[in-house]
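Observations on the three-dimensional arrangement
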Amino acid sequence: GGVCTAHGDHVIKPQTGHHLTPLPLSKGGNTFDELSMMDFTLFAFDADENAVASIEQAAKSLGVPFRAVRDTFSGGREAYEARMILVRPDQYVVWLGDQAPDDPVALLKKVTGRD
């Protein structure tokens, strides 16, 4: 006799402030399996390596615990509609895009509460 109180629609496309819907990875497992409770996790799906490196370097320069998970933008992952997705250690999406942010340091300062 319970009544569902959920509102809205379920979408796969990531939204900042929401959890990431798990999708399979080409090596097995899924994106949820790769999330870290200690690090920010950047999913990079056929993303430009320079873009990924710019975010990695910004994290390193700020001492932000960080890891990048690289995979293809196929096999269902194209449903994310973004080639890069940054997830906090508490597993909430904080940024997504197809290109590196204009200022990766400013982005990481903002998502870590340092700005």
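Residues numbered from 1 in each chain as written. Predicted model: local features only at pLDDT ≥ 70, side-chain atom pairs only at ≥ 80, totals over all residues. Heavy atoms only, no water.

Another point: the side chain of Thr31. With respect to the secondary-structure elements, Thr31 resides in helix H1 (residues 31–34). The class of Thr31 is buried, set by a relative accessible area of 0%. Setting aside anything within four residues of it in sequence, one finds Thr31 in contact with Leu20, Thr21, Pro22, Leu23, Leu25, Phe43, Phe45 and Tyr80. (Helix = DSSP H or I, 4+ residues; strand = E, 2+ residues; numbered from the N terminus. Buried < 20%, exposed > 50% of the residue type's maximum accessible area, 1.4 Å probe, protein only. Contact = heavy atoms within 4.5 Å.)

A few words on helix H2 (residues 49–62). Given a rise of 1.5 Å per residue, 14 residues ought to cover 20 Å, and the 20 Å separating the end C-alpha atoms of H2 matches this to within 8%. Along its buried surface, H2 packs onto strand S1 (40–45), strand S2 (66–71), strand S3 (84–87), strand S4 (93–97) and helix H3 (104–111). (Expected span 1.5 Å × (residues − 1).)

What follows concerns the environment of Lys13. By the secondary structure assignment, Lys13 is in the segment before H1. Along the primary structure Lys13 and Glu81 are separated by 68 residues, whereas in three dimensions their C-alpha atoms are 6.0 Å apart.

Take the pattern of salt bridges next. Using the criterion set out here, one finds seven salt bridges in the structure. Across the pair Glu34 and Arg67 runs a salt bridge, and its minimum N-O distance is 3.2 Å. Taken together, the residues span a long stretch of sequence, with Glu34 in helix H1 and Arg67 in strand S2 at a distance of 33 residues. Of the residues examined, Glu34 reaches a relative accessible area of 14% and is grouped as buried. Given the relative accessible area of 27%, Arg67 is considered partly exposed. Between Glu49 and Arg70 there is a salt bridge, with its nearest N and O atoms 2.8 Å apart. Placement of the pair is Glu49 in helix H2 and Arg70 in strand S2, with a sequence separation of 21 residues. A network of salt bridges, in which partner residues are shared, links Lys27, Glu34 and Arg67. (Salt bridge = Lys/Arg side-chain N within 4 Å of Asp/Glu carboxyl O.)

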